[in-house]
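The chain contents come next:
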Amino acid sequence: MADRPGPKVYSIAAHRGFADALVAGLVPRYADGDLGLARLTLLLPSSRARRTVSEAFIRHVGETGRQGLLMPRMAIVGDLDLDETLGPLLDPLGGADVPPAIDPQRRLFALAQVLGKSMDDPPGGATLLRLARETAATMDRLLAEGISPSDLVDDKVTGIYPDLSSHWQDSLKLFAEVQARWLAQLDEWGAIDTATRRNRLFEHAAREWKANPPLTPIVAAGVTSAAPALADLLRVVADLPQGAVILPDFDLTMPDVVWDELGRAGAAPEPGESPFARDDAVTHPQYHLKLLLNRMSVRREEVQSWHRRGMTAAPPERSHAIGSLFLPPEASKAWVDLPADKRRMAGVRVMQAANPEEEAQAIALLVREALEQPERRVAVVTPDRALARRVVHHLSRWNVTADDSAGRPLSQTAAGRFLLLLAEVLTEDAAPVPLMALLGHPLATGSMERGTWLRQLRRVERALRGPRREGGLTPVASCARDLAERHPKVGEWFASVEAALSPLFQLPEEVGLAELLDALANAGEALCGEGLWAREDGRALAGFVEDMRLHARDAGFALDRREAAVALRDAMEQVAVRPPYGGHARVQVLGLLESRMNRADLVICAGLNEGVWPVRGSVDSLLAPPVLRALGVPGGDFRIGLSAHDLAGALGAPEVVLSRSARDEGGPAIPSRFLLRVQALLGDMLDRHSETRAIDLARAMARASPVEAHPRPRPVPSTEQRKVDISATALDRLLGDPYQFYAQKILGLSELDTLDADPDALWQGNVAHKVLERWHEERIAGRPASIVAIMEDVLDAENADPLVRGLWRPRLEAALRWVEETVERYEDREVLAVEQRGAMQFEGVPVHGRADRIDRLEDGTLAIVDYKTGQPPSAAMVEQGFALQLGILGLIAERGGFERLRGDPGGYEYWSLGKAKADNPHGFGYVEVPLKVGRKTSGVLPEDFLPLTAAKLGEAIGRYIKGSDPFTARENPNFPAYDTYDQLMRLDEWIALQDGDEAT
């Protein structure tokens, strides 16, 4: 590294391996026999970079066989994107008389208050916090660029103000007003923003080092941030007698015409003009480096090549292909004449999977295969955290522990999710789904043994299943009381739940955020104990809660408790929880920020789809793009160029796999623009660079052996198993779909209701039957009552959801009033019984049923009445041999099967509570007779109804109960069957072959 006049700026090419090449050059230049490198100070961009460089020093010592080496002092410049602070070298005690920075949480709540005062109609608490967070991000972006609030009213901004659309004008005015109030607030507190403080500390260090150059060497390595204050500091470091700036992946081979096509990049052609043009190639991977050099006042020709190479260097021939890969539009035309040797990308493979699961499995296989080779290091680089977690889980199959170094948002960790579930339970007023998810969370034990806790939870959950009920803990308390007689521990379980959650529902509608967090933390500790705060995610959650409630209490910030879940989720998304180091020594799973400066023998760049890598270009929500250009701030697409630079750096590894999936969770995915460029550059050579073996292996692991088509089920139970009773409603299933009868009656299987289900016809029917039963009983007992009042009592007892009351209750009330008036007008018939159970022996088989109502007609015969909330069975269905429920009840009545009721059946009626078919002042309710009566020209005659029913019942008993016929699935295709047992009978596997099956 020979010195020459001018700034000492170097570049390590992508193929050389930045960290290893850096160490390989630093050791011979700065090491001495006694102190090693201890006199050297390295300025690094982040804590992750410090760890990467430290590992490179260790590898270098091992490779050279040295006994040991004192490593240099590594000072952290601090990466704002990683929420890192400056190291002590740049932020010494006392801070060089620079005012302290305001705490980020205190700033957030204060900005929310300022926004609330500045807006005519401020939104709710959660939305206000979100807007404050966006405002803070825009402020930091401007402050990092050295732009003060006064610049917002400069002529260069006011000159374009009239050309902006109205919403951008309003946004700019609001932002300027917020800035003015915010500066006044900071002056009152004697504090400054973190970005401002960083700039001042950079300026202080630059002045000190320029005036009094340090006696020890200082080298800035891997720092690519183009913030003006940091660029000035880097220029001072480059000018120091023993200083140097070393850039990663700066392309020294780029032609001048291409360099010029990148655009202005911070260098205004004339004073007063914008430093950024609309056509700047901000998405190019070298753009941000050009911006940095321009702000350092360093010419491209002054950048020297770092001639050392690392242990994981790739062939140099690939450098030209990487440089050609990201050429801007005009320069890309040179691809047409690019010879094959300039397109070489030996060691690079392209892999396309069908979906993210297949992609993750294939990546895990590549990692597993690479680990078979001793000392071979592997890095999986992806901005898709979900894909990264899938890879980690697949690797655990082979006991390979690979930590996702980019971490997970706090909201997606176990402890963070528990706190969010608590907030959702409060927000949704203890709706069953979030409540059961909370109580079933792995951390929840309620001071009970985990297995005991879960057993009681499962019992209550089973009882709680069904249609939606009203909010609060009342439904759970009701289920627990009913279960406590048989399972005493359920009472103890509910006592723990009630003690933990009741304080949450005592909070006022408008609650202070600090008080809300206190209540959530107390409830969490009551349900989880110390386990809530035990692991790394628990410790991160504890710090988050403590910090947030401290500043929320100081600010007096309040919000509607229904916004609790949204507010906390937004805040927790900003906190990354990184696992403690201790995974496999040769495997790394990294995000883009963490991958910078890192190198491995095999680098797998995963998730190369548009919108993932790179992320979609964003527009600042507060300031219009022309305003940002006028202020001298790079546009939203600037980050696409950083993503391109990350990929270019990864392509320098000895072996690279570029991976994507054709689909994501939302549907077909678009390949990354970077991957499309790779494929276009390779051209005819693409087939030789395709990775298909890992995909084939991944598919083979998930591919089941072919099996023959599942036959149509025809179970044949034993004679003993067939000895079951038949209910009035089961005859249809036995004749139309015997398999359903077999599954329900012989196997004893029934469908579980879902949690918080929408009220279905069964629930509505049960409610209507309960109302009518109570009304009839009161009337028969001589205590007539209002049927509407009884309806309200039943809905209360059922904890009916308010939405159900609003939508269904008016229709039910109208139909019930019709029933009430119709029955009250009776003179020639009398209601004898309601919900009357009856039974008989038919050919030696028990047959039973329940009649909704039995009336005595004028001629002394009995009328069997069945209530329906929807459309009743038609006469045509009865003629086909279905819907014989009333016939079964008639046979039971004929044989004296109803206790204390005697008489021959003489009438069969369905009373529907549906929309009336004829004139009805209430609009709902009518009577349907499912026989050939009146003007009906088809159907079964009343006198033939019972003989038909007896014949069908005898047929069913002879074939299935006393006979040996198989219980064939869907035997009668015309039977309107339910789909309850379709999955059990594997309907989809054989229904398409039904005709052929019947033929055989």
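Quantities reported herein were computed from a predicted structural model and do not represent experimental measurements. Per-chain numbering applies: the sequence of each chain, read as written, is numbered from 1 onward. Thresholds applied to this predicted model are a pLDDT of at least 70 for local features of residues and 80 or more for the giving and counting of side-chain atom pairs; totals over whole chains, interfaces and linings are not thresholded and use all residues. Based on all heavy atoms of the structure, the side-chain values leave hydrogens and waters out of the count.

The way it works is that DSSP assigns letters per residue, a run of H or I at least four long becomes a helix, a run of E at least two long becomes a strand, and they are numbered from the N terminus. Broken down by element type, the protein carries 36 helices and 23 strands. Its C-alpha radius of gyration of 38 Å places the protein more than 25% over the 30 Å reference for a compact globule of 1000 residues. Considered along the principal axes of its C-alpha atoms, the protein spans approximately 120 × 70 × 60 Å. When a residue's accessible area, from a 1.4 Å probe over protein chains only, is under 20% of the maximum for its type it is buried; when over 50% it is exposed; and in between it is partly exposed. Per-residue burial for the protein yields a buried fraction of 53% across its 1000 residues. Accessible surface for the protein amounts to roughly 45200 Å². Of this, 49% is attributable to carbon and sulfur atoms. What the globule rule says is 2.2 Å times the number of residues to the power 0.38, and the radius of gyration is computed from C-alpha atoms. Surface accessibility in these figures is a Shrake-Rupley result with a 1.4 Å probe; residues are shielded only by whichever protein chains are displayed.

When you line up the elements, His284 lands in the loop between helix H9 (256–261) and helix H10 (287–296). In this structure His284 comes out as buried when scored by relative accessible area, which is 5%. Contacts were defined at the residue level, with two residues in contact if any of their heavy atoms lie within 4.5 Å. When neighbours within four sequence positions are excluded, His284 is seen to be in contact with Met254, Leu262, Phe326, Leu327, Pro328 and Gly641.

Fitting a line to C-alpha atoms yields each axis, with helices limited to the stretch in contact; the angle taken between N-to-C directions then spans 0 to 180 degrees. Here helix H18 (residues 488–505) crosses helix H19 (residues 513–528) at 170°, and the two axes come no closer than 8 Å. As the angle between them shows, H18 and H19 are arranged roughly antiparallel. Residues Ala500, Leu501 and Leu504 of H18 form the contact with H19, whose own contacting residues are Ala519, Leu520, Ala523, Ala526 and Leu527. Residue polarity is assigned by list, with Asp, Glu, Lys and Arg as charged and Ala, Val, Leu, Ile, Met, Phe, Trp, Tyr, Cys and Pro as nonpolar; anything else, Gly included, falls into the polar class. Within the contact of H18 with H19, the residues separate by chemical class into eight nonpolar, no polar and no charged. Relative orientations are named as follows: roughly parallel for angles under 35 degrees, roughly antiparallel for angles over 145 degrees, roughly perpendicular for angles from 65 to 115 degrees, and oblique for any other angle.

What you see with strand S13 (residues 587–590) is no split at all: Val587 and Val589 on one side and Gln588 and Leu590 on the other are buried throughout. Two strands qualify as a pair provided DSSP detects at least 2 bridges between them. Sheet topology note: the strand S8 (residues 378–381)/S13 ladder contains four bridges and is parallel. Looking at S13, one finds that Ala379 is bridged to Gln588.

This part covers the sheet that holds strand S4 (residues 218–221). Spatially, S3-S2-S4-S5-S1-S6 is the arrangement adopted by the six strands of the open sheet, whose pairing is parallel. Of all strands in the sheet, those with a lone pairing partner are strand S3 (73–76) and strand S6 (303–305), marking the two edges. The average angle at which neighbouring strand axes cross in this sheet is 30°, direction not considered. Here four bridges tie strand S2 (residues 41–44) to S3, and the two strands are oriented parallel to one another. Directly across from Thr41, in S3, lies its bridge partner Arg73. Where H10 meets the sheet, its contacts fall on strand S1 (9–12), strand S5 (243–248) and S6, and the angle it forms with S5 comes to roughly 160°.

For helix H7 (residues 194–211), built from 18 residues, the straight-helix expectation of 26 Å at 1.5 Å per residue is met to within 8% by its first-to-last C-alpha distance of 26 Å. Check the buried side of H7 and you find it contacts S2, helix H4 (125–144), S4 and helix H8 (228–239). An expected span of 1.5 Å times one less than the residue number is assigned to each helix.

Let's shift gears to a nonpolar patch on the surface. Patch members must show over 30% relative accessible area and no salt bridge, and they are joined within 9 Å when carrying like charges or within 5 Å when they are nonpolar side chains of Val, Leu, Ile, Met, Phe, Trp or Tyr. The term salt bridge refers to a side-chain nitrogen of Lys or Arg lying within 4 Å of a carboxyl oxygen of Asp or Glu. Taken together, the side chains of Leu747, Leu749 and Leu984 present a nonpolar region at the surface, about 240 Å² in accessible area. Classification of Leu984 by relative accessible area gives partly exposed; the value is 40%.

When the terminal C-alpha atoms of helix H14 (residues 414–427) are compared, their 20 Å separation across 14 residues agrees well with the 20 Å that a helix rising 1.5 Å per residue should span. Across the 14 residues that make up H14, a large majority, eleven, are buried. Of the residues making up H14, those classed as buried are Ala415, Gly416, Phe418, Leu419, Leu420, Leu421, Leu422, Ala423, Glu424, Val425 and Leu426. On its buried side, H14 packs onto helix H15 (432–439), H18, H19, helix H20 (536–555) and helix H21 (564–572). Asp429 occupies a position one or two residues after H14 and carries a positive phi of about 55°.

The next point concerns the pattern of salt bridges. As enumerated under the stated definition, the model contains 56 salt bridges in all. Across the pair Arg900 and Glu899 runs a salt bridge whose closest N-O atoms are separated by 3.2 Å. Owing to a relative accessible area of 70%, Arg900 belongs among the exposed residues under this scheme. One continuous salt-bridge network, built from bridges that share partners, spans Arg349, Arg376, Glu655 and Glu691.

On to the sheet that holds strand S7 (residues 348–353). With parallel pairing, the five strands of this open sheet are ordered in space as S7-S15-S14-S8-S13. At either margin of the open sheet sits one strand with a lone partner, and together these are S7 and S13. Strand-to-strand, the axes of this sheet are offset by a mean angle of 15°, without reference to chain direction.

Looking now at the confidence of the model for the protein. One number per residue, pLDDT, summarises how confident the predictor is, and it ranges from 0 to 100. When pLDDT is averaged along the protein, the result is 88; 96% of the residues meet or exceed 70. Summarising per-element confidence for the protein, the mean pLDDT is lowest in helix H36 (residues 994–999) (50) and highest in helix H12 (residues 356–370) (96). Taken together, the stretch residues 996–1000 has pLDDT below 50 and engages in four contacts with residues farther than four places along the chain or on a different chain.

To continue, consider unusual backbone geometry. The residue after Trp613, namely Pro614, is reached through a cis peptide bond having omega 5°. Notably, Ala265 is not glycine yet its phi reads approximately 50°, a positive angle. In this structure, Ala265 sits in the loop between H9 and H10.

Each nonpolar core is a collection of buried residues, namely Ala, Val, Leu, Ile, Met, Phe, Trp, Tyr and Cys, held together in the definition by side-chain atoms within 4.5 Å. Core analysis: the largest hydrophobic core is formed by 98 residues, its most contacted members being Leu439, Trp493, Leu501, Leu527 and Leu541. In this structure Leu541 touches Leu410, Ala415, Gly416, Leu419, Leu532, Trp533 and Met572, once residues within four positions along its chain are discounted. If you look at the next biggest cluster of nonpolar residues, it comprises 82 residues, including Val348, Val350, Cys605 and Leu651.

As a further point, take the environment of Gly667. Locating Gly667 in the fold gives a position in strand S17 (residues 667–668). Spatially, the C-alpha atoms of Gly667 and Ser618 are 22 Å apart, while their sequence positions differ by 49 residues.

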